[in-house]
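Coordinates in review
The lines below spell out each chain.
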Protein chains: 2
Amino acid sequence: MTLILTLLGKGGTGCTTLAIAAAKAYAEQGKAVLLLSQDSSPALGLMLGCELGVEPQQLSSNLWVQSLKTTHLLEKSWEQLKEMEQQYLRSPFFRSVYGQELGVLPGMDRALALNYLRELSQSQTYDVILYDGLASQDTLRMLAMPDILGWYTRRFRQVFGDSDLGKTLLPFVQPVASAVLAVNWSDETLSEPTQKANNLLEQGRDAVADPSQVLAYLVTTAEPIAQATAHYLWGAAQQVGLTVGGVLVNQGHDAAALGDRFAPLPLSVIPAVSGEGLVNHWSTLQQALPEFCADPSVPRSLTVDEALNQIKLFLPGFDKKQVKLTQYGPEITIEAGDQRRNIFLPPSLAGQAVTGAKFADSHLILSFA
Amino acid sequence: MTLILTLLGKGGTGCTTLAIAAAKAYAEQGKAVLLLSQDSSPALGLMLGCELGVEPQQLSSNLWVQSLKTTHLLEKSWEQLKEMEQQYLRSPFFRSVYGQELGVLPGMDRALALNYLRELSQSQTYDVILYDGLASQDTLRMLAMPDILGWYTRRFRQVFGDSDLGKTLLPFVQPVASAVLAVNWSDETLSEPTQKANNLLEQGRDAVADPSQVLAYLVTTAEPIAQATAHYLWGAAQQVGLTVGGVLVNQGHDAAALGDRFAPLPLSVIPAVSGEGLVNHWSTLQQALPEFCADPSVPRSLTVDEALNQIKLFLPGFDKKQVKLTQYGPEITIEAGDQRRNIFLPPSLAGQAVTGAKFADSHLILSFA
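Residues numbered from 1 in each chain as written. Chains lettered and ligands numbered in written order. Predicted model: local features only at pLDDT ≥ 70, side-chain atom pairs only at ≥ 80, totals over all residues. Heavy atoms only, no water.

1. Notes on the overall build of chain A
When helices and strands are counted, chain A shows nine helices and 15 strands. Computed over C-alpha atoms, the radius of gyration of chain A comes to 23 Å, within 12% of the 21 Å expected from 2.2 N^0.38 for 369 residues, which places it in the range of a compact globule. Here the C-alpha coordinates of chain A stretch approximately 70 × 55 × 30 Å along the principal axes. A burial count over chain A gives 51% of its 369 residues as buried. Split by element, the accessible area of chain A, about 16000 Å² in all, is 54% carbon and sulfur. In chain A, the 26 positive side-chain charges and the 36 negative ones have mean positions that sit 6 Å from each other. (Helix = DSSP H or I, 4+ residues; strand = E, 2+ residues; numbered from the N terminus. Rg over C-alpha atoms; globule rule 2.2 N^0.38 Å. Buried < 20%, exposed > 50% of the residue type's maximum accessible area, 1.4 Å probe, protein only. Areas by Shrake-Rupley, 256 points an atom, 1.4 Å probe, with all protein chains shown as cover. Lys, Arg positive; Asp, Glu negative; His and termini not counted. Charge placed at Lys NZ, Arg CZ, Asp CG, Glu CD.)

Structure representation (structure tokens):
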């Protein structure tokens, strides 16, 4: 099993430095580690004293490093798409467009990075992957993708099926499909890729919710704005179903400056070092790092209490007026931290309307009749 | 005319602080200024000492501030989409889905921010908008969007028209269109929205290339990694056709530490301040800021020399082996800085193959027969 670990915090609080230190620490414990950076600039190479290529590059015993190039990942994915269309389309279309021509649009960076993380995780080449994002809010968007894409698929398939538009188009499906597809529309060969795509989204969502597969730690300094940002990211991570294991208090002397703001998360104080390239500074940082794991005393992002007919959402850092709730049909939408989470009600609550909502003890508690 | 100004630099070098200072400086000059932040965390509110809503909020005379909420922008855009489908579709489909349900996928943040910037710019409510991105590489992706979306539209329309797939689908277009559309397929009413979308992309691309509409400044400290990142972003900005006006050397004493790395960009040294919330510190920063403008001595990102049959691309910070060139049909693709730029050849060079490419003086020079 590969663990994907990511550090969330305000820019400039040392996320990249601590990700390097964590990668080194894991490698020294004998784990195979990949440090994967979303940053395409030369910054990481300079911090590590080496030039980075588009493939993982060995830095020391057990430690590999890679700087993601979206243009490169896009070319590889384009080739895969071409192979798929060759399999299913009567006359391939995408083959006339070359992967080397394709420009990068917003969103491609994280979508392709997530797909790459999935491939790496599946191949089990590494025990640990340290993913160093460019901005923590975008890392959360990336990890929310399987859940949210799953929602869009579910919702729009249902709406389309029920709609006049769907019914109007239905007579055309068969003739268009048989003109275009190399296989039978009703054939099993077609349900396979659809099912596969749905499975990938489900597996992705389950992986993000499983702290032995994906785990985040917060990074902050004692500085109030850095603390507030880390606190906000803690709540925002819950909206993605991501487990936050603890807080790294960087450049700190003691954890007292943070009070009990992050309770019950364990805090680790990381001393200030300067001249980060020096070997003894890395080892100072490494020694101050905790053993990264999920703390069982931290509430889960979603708990269903079937006995009380309640759903409890852990939303640290938010208050009642920062959280919006809407219910359409079988799903409930929770909005907080500029992210929406759609919750499919468990069978015991399906079809029931929310009858009460209160905010207590960092939890949104929804009651059903 | 509204000027959109953005600061590009490594995280933690002070881009947000200097964006605030620049916004204050413009406001004191009597310009109507909006400070627009991509950050949805409470950080900016804390720096400014106020709580930010989803609409621009007045901070002081001439100065408004807004923190972008993608969930809110998504709802507004969804309503616009519904209005459009009502106009063109026989039986509306999207109306059954509520904007409040929609989750945020990677890419939506910047796509919606760009659309909002376009609306603001068109309404001419502000003289200056300070756009403070979450990560500079994502700001560049956002600004590249009109150009790259334009390319995708152009390329795929042509490929589709020429393809067997396009020809196979052609007989179905008329019956499907008349079943679904409220207007005639061949009607002028339909060419209007298509033309409008193309115009928007062209206007967007032209705005990004026009330094009186969109302008960037680099931010760095004297620290080598911050310098290298700023240098990289300078080159990457050229790939987007964005004008970089100068460099802000933050927390500096003099500009000597940077040498001539950024020549011919003008450098402005910004003194180190601490306790950023204090009024006199803001004024120290404001006084150190330059008058933001494009320096005429800085080369343009693309120059066509019709006499010599040459195209010159300004690519500071890259060397020959970091730049890739491909040519398919009438377009040339330049890859550098994890971004691809597709260049449509001017009429005088159309249909000609690149016969020579050399790298000299931070320029890629392409020769044609």
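Text resumes after the structure shown.
2. Considering the interface of chain A and chain B
The interface is formed by 76 residues belonging to chain A together with 76 residues belonging to chain B. For the pair chain A and chain B, the summed buried surface comes to about 6600 Å²; carbon and sulfur atoms form 64% of the total. By the criterion of area lost to chain B, the three top residues of chain A are Phe93(A), Glu101(A) and Arg340(A), representing 11% of everything that side buries. Along the contact surface separating chain A from chain B lie ten salt bridges. Linking Arg155(B) and Glu101(A) is a salt bridge whose minimum nitrogen-to-oxygen distance equals 2.6 Å. Put simply, chain A and chain B have 36 residue pairs in polar contact (both at pLDDT 80 or more) between them. Tallying contributions element by element places helix α5 (residues 136–162) of chain A first for the side of chain A that touches chain B, with 13 residues. Across the side of chain A that touches chain B, the residue classes break down as 39 nonpolar, 22 polar and 15 charged. (Contact = heavy atoms within 4.5 Å. Buried area = accessible area lost by both parts, 1.4 Å probe. Salt bridge = Lys/Arg side-chain N within 4 Å of Asp/Glu carboxyl O. Polar contact = N/O pair within 3.5 Å; in protein donor to acceptor, adjacent residues only side chain to side chain. Nonpolar A, V, L, I, M, F, W, Y, C, P; charged D, E, K, R; others polar.)

3. Looking at the UniProt feature "domain: ArsA HSP20-like" (unreviewed entry) in chain A
UniProt's entry tags residues 311–368 of chain A with the feature "domain: ArsA HSP20-like" (unreviewed entry), counted in the numbering of this structure. Strand forms 59% of residues 311–368 of chain A and helix 0%; the C-alpha atoms that close the span are 8 Å apart. (UniProt positions renumbered as here; feature names shortened; annotations may be inferred.)

4. Some details on the sheet that holds strand β2 (residues 33–37) of chain A
All names here are of chain A. Pairing within the open sheet is mixed, and its eight strands lie in the order β3-β4-β2-β5-β1-β6-β7-β8. In the strand order of this sheet, the two ends are held by β3 (57–60) and β8 (267–270), each with one partner. Each neighbouring strand pair of the sheet contributes to a mean axis angle of 25°, computed without reference to strand direction. Strand direction decides the pairing type here: β2 and strand β4 (residues 63–67), joined by five bridges, are parallel. (Pairing = 2+ DSSP bridges. Axes fitted to C-alpha atoms, helices over the stretch in contact; angles between N-to-C directions.)

5. Description of the packing of helix α5 (residues 136–162) of chain B against helix α8 (residues 224–238) of chain B
Residue and element names in this part refer to chain B. Taken N-terminus to C-terminus, the directions of α5 and α8 make an angle of 5°; their axes are 10 Å apart at the nearest point. On the basis of their axis angle, the class for α5 and α8 is roughly parallel. Together, Ser136, Gln137 and Leu140 of α5 and Tyr232, Leu233, Ala236 and Ala237 of α8 make up the contact between the two elements. Within the contact of α5 with α8, the residues separate by chemical class into five nonpolar, two polar and no charged. (Parallel < 35°, antiparallel > 145°, perpendicular 65-115°, else oblique.)

6. Here we look at the UniProt feature "domain: ArsA/GET3 Anion-transporting ATPase-like" (unreviewed entry) in chain A
The positions UniProt marks with the feature "domain: ArsA/GET3 Anion-transporting ATPase-like" (unreviewed entry) are residues 4–251 of chain A. Within residues 4–251 of chain A, the helical portion is 55% and the strand portion 16%, while the C-alpha atoms at the span's ends are 25 Å from each other.

7. Remarks on the packing of helix α3 (residues 70–88) of chain B against helix α4 (residues 108–123) of chain B
Residue and element names in this part refer to chain B. Interaxial distance between α3 and α4 falls to 10 Å at its minimum, and their mutual angle equals 65°. What the angle tells us is that α3 and α4 run roughly perpendicular. As for how α3 packs across α4, the hand of that crossing is left-handed. Residues Thr70, Leu73, Leu74, Lys76, Ser77 and Gln80 of α3 form the contact with α4, whose own contacting residues are Met108, Asp109, Leu112, Ala113, Asn115, Tyr116 and Glu119. When the residues that make up the contact of α3 with α4 are grouped by side-chain class, the tally is six nonpolar, four polar and three charged. (Left-handed = near helix turned anticlockwise from the far one by under 90°.)

8. Some details on the nonpolar core
Membership of the largest hydrophobic core comes to 135 residues, with the highest contact counts inside it found for Leu218(A), Leu242(A), Leu218(B) and Leu242(B). Apart from the residues lying within four places of it in its own chain, the contact partners of Leu218(A) are Leu8(A), Ala230(A), Leu233(A), Trp234(A), Val244(A), Gly246(A), Val247(A), Leu248(A), Phe262(A) and Leu265(A). (Core = buried A, V, L, I, M, F, W, Y, C linked by side-chain atoms within 4.5 Å.)

9. Describing the sheet that holds strand β12 (residues 331–336) of chain A
Residue and element names in this part refer to chain A. Taking strand neighbours across the sheet as the criterion, the three strands line up as β11-β12-β13 in an open arrangement whose pairing is antiparallel. The open sheet has two edge strands, β11 (324–328) and β13 (339–344), and neither has a second partner. Neighbour-to-neighbour, the strand axes of this sheet turn through a mean angle of 20°, independent of strand direction. Note: β11 against β12, five bridges, orientation antiparallel. Within the sheet, the bridge partner assigned to Tyr328 lies in β12 and is Glu331.

10. Some remarks on the pairing of strand β9 (residues 302–305) of chain B
Residue and element names in this part refer to chain B. Sheet topology note: the β9/strand β10 (residues 310–314) ladder contains four bridges and is antiparallel. Residue pairing across strands places Leu302 opposite Leu313, the latter belonging to β10. Hairpin connection of β9 to β10: four residues between the antiparallel strands, including Asn309 at a positive phi of 55°.

11. Some thoughts on the pairing of strand β8 (residues 267–270) of chain B
All names here are of chain B. Because side chains alternate across β8, one face comprises the buried residues Ser268 and Ile270, and the other comprises Leu267 and Val269, none of which is buried. In the sheet, strand β7 (residues 244–250) pairs with β8 via four bridges, with the strands oriented parallel. Within the sheet, the bridge partner assigned to Leu248 lies in β8 and is Ser268.

12. Some words on the confidence of the model for chain A
With 99% of its residues at a pLDDT of at least 70, chain A reaches an overall mean of 92. In the model output, the complex is listed with pTM 0.95 alongside ipTM 0.95. (pLDDT = per-residue confidence, 0-100.)

13. Things to note about the environment of Gln327(B)
All names here are of chain B. When you line up the elements, Gln327 lands in strand β11 (residues 324–328). Among the residues examined, Gln327 registers a relative accessible area of 29% and is labelled partly exposed. Aside from chain neighbours lying at most four places away, what touches Gln327 is Ile332, Leu345, Gln352, Ala353 and Val354. A distance of 2.9 Å separates a polar side-chain atom of Gln327 from the backbone oxygen of Gln352.

14. Section: the domain arrangement of chain A
Residues and elements named next belong to chain A. What the domain assignment reports for chain A is domain 1 (1–294) and domain 2 (302–368). Between the C-alpha centres of domain 1 and domain 2 there is a distance of 26 Å. Contacts between domain 1 and domain 2 engage 14 residues on the former and 16 residues on the latter. In this assembly, domain 1 packs against domain 2 so that about 1400 Å² is buried in total across both faces, 51% of it on carbon and sulfur atoms. Counting the surface domain 1 buries against domain 2, the share from its top three residues, Arg141, Gln238 and Gln239, is 40%. Taken together, the connections running from domain 1 to domain 2 amount to two salt bridges. We note a salt bridge from Asp338 to Arg141, for which the minimum N-O separation is 3.3 Å. Where domain 1 meets domain 2, there are eight residue pairs in polar contact (both at pLDDT 80 or more). Take the side of domain 1 that touches domain 2: its biggest share by element is six residues, from helix α8 (residues 224–238). (Domains from an automatic or database assignment.)

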